[in-house]
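Chain by chain, the residues:
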Amino acid sequence: MSLILSIDTTAEFGSLALLGLRDSGEAIEAELPIHAPDGFGHILYDHLQALLKRNNVELRAITLFAAASGPGSFTGVRVGLAAAKGLAEVSAKQMVAVSNLRALASFGTKPRRATLLDARRGEVYAAIYGERLEIISDEVVAPLPQWLASSDLTGDIEFVAQDFTAFAGALPPAVPRTTAPRALAMAIARIAAQSEPEDPAAVDANYVRRSDAELFWTDAPPSRK
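Residues numbered from 1 in each chain as written. Predicted model: local features only at pLDDT ≥ 70, side-chain atom pairs only at ≥ 80, totals over all residues. Heavy atoms only, no water.

Sorry, what's going on with the sheet that holds strand β9 (residues 157–161) here?
Sheet strands pair by backbone hydrogen bonding; their relative direction is either parallel or antiparallel. Taken in spatial order, the five strands of this open sheet run β8-β7-β6-β9-β10, and their pairing is mixed. Two strands in the sheet have a free side with no partner beyond their single neighbour: β8 (135–143) and β10 (177–179). Direction aside, the axes of adjacent strands within the sheet are offset by 20° on average. Sheet analysis places strand β6 (residues 112–120) next to strand β7 (residues 123–130), joined by eight bridges and oriented antiparallel. Paired with Leu116 across the two strands is Ala126, which belongs to β7. (Pairing = 2+ DSSP bridges. Helix = DSSP H or I, 4+ residues; strand = E, 2+ residues; numbered from the N terminus. Axes fitted to C-alpha atoms, helices over the stretch in contact; angles between N-to-C directions.)

In structure tokens, the structure reads:
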């Protein structure tokens, strides 16, 4: 039996998903969207338990754990990854971490997919993926005009984002746009099913940008004694 449990807590709208086959051979495909404006730390495990119970699945039946690795909320990324790593460790199973930008690309239909996430501060997380979800242009965080100017957006390409509100006016109108759903956990599970699993201890976050605390600590001028 193969059964994947996937977790995405990287943004205010997260999700959980189950994908695979039961011992009986019955297919299972279930996704639970979660809106958590106050964070996932205090509610995630209750929702996990509810998802498993609703689908008559025991934790020990999970054969692979998957999680969104970011980019996104620093706290959110850590919560989801820590949950998946912890569950994989105690279950003696492996896991897969999947970039949110790659998960977004799975909702595109063009040979090249420019995926975008609002990084705030006037910046975006962005990358370009191919139709097999292979990386073409590395994931970066940058002001949108700067990224647009440095990217090859010619040919058969589309923009993919969950919400274009923050940057729609800056995008070239000739390039088509695809709006992905807020829930990415099932897409993450599908990518994980085709990926090489890892020891959970080796999995790390994909922040793309350093946290405010790291920026302050690294970039602050040396103190004077």
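The discussion continues.
What am I meant to see in the layout of surface pockets here?
Empty space left among the atoms is revealed by rolling a probe the size of a water molecule over them. Volume-wise, the largest pocket comes out at about 770 Å³. If you trace the largest pocket, you find 27 residues lining it, with Ala11, Glu12, Leu117, Asp118 and Arg120 closest to the centre. For the lining of the largest pocket, the element with the most residues is β6, which contributes five residues. When grouped by side-chain class, the residues that make up the lining of the largest pocket number 12 nonpolar, six polar and nine charged. By volume, the second largest pocket is sized at about 170 Å³. What lines the second largest pocket is simply Thr9, Ala11, Glu12, Ala36, Pro37, Gly39, Phe40, Gly41, Ser73, Thr75, Gly76 and Val79. Across the lining of the second largest pocket, the residue classes break down as five nonpolar, six polar and one charged. (1 Å grid on protein atoms, 1.4 Å probe; cavity = no way out; pocket = protein on both sides within 12 Å on 5 of 7 lines; lining within 4 Å. Points joined across faces, edges and corners; volume = space filled by probe spheres on them. Nonpolar A, V, L, I, M, F, W, Y, C, P; charged D, E, K, R; others polar.)

Sorry if this is basic, but what is going on with the pairing of β9 here?
The side chains of a regular strand alternate, first on one face of the sheet and then on the other. In terms of burial, β9 is a largely internal element, five of the five residues being buried. A two-sided burial pattern is seen for β9, the buried positions comprising Ile157, Phe159 and Ala161 on one face and Glu158 and Val160 on the other. Examined bridge by bridge, β6 and β9 share four bridges and lie parallel to one another. Of the residues in β9, the one forming a bridge with Ala114 is Phe159. Where β9 and β10 come together, three bridges link them in parallel fashion. Within β10, the residue paired with Val160 across the bridge is Thr178. (Buried < 20%, exposed > 50% of the residue type's maximum accessible area, 1.4 Å probe, protein only.)

Quick question: what am I supposed to make of helix α2 (residues 74–91) here?
One turn of an α-helix holds 3.6 residues; hence residues three or four places apart share an orientation. The end-to-end C-alpha separation of α2 is 26 Å, in line with the 26 Å expected for 18 residues at 1.5 Å each. The set of residues buried in α2 consists of Phe74, Gly76, Val77, Gly80, Leu81, Ala83, Ala84, Leu87, Ala88 and Ser91. On its buried face, α2 is in contact with β1 (3–8), α1 (44–54), β4 (64–68) and β5 (94–98). (Expected span 1.5 Å × (residues − 1). Contact = heavy atoms within 4.5 Å.)

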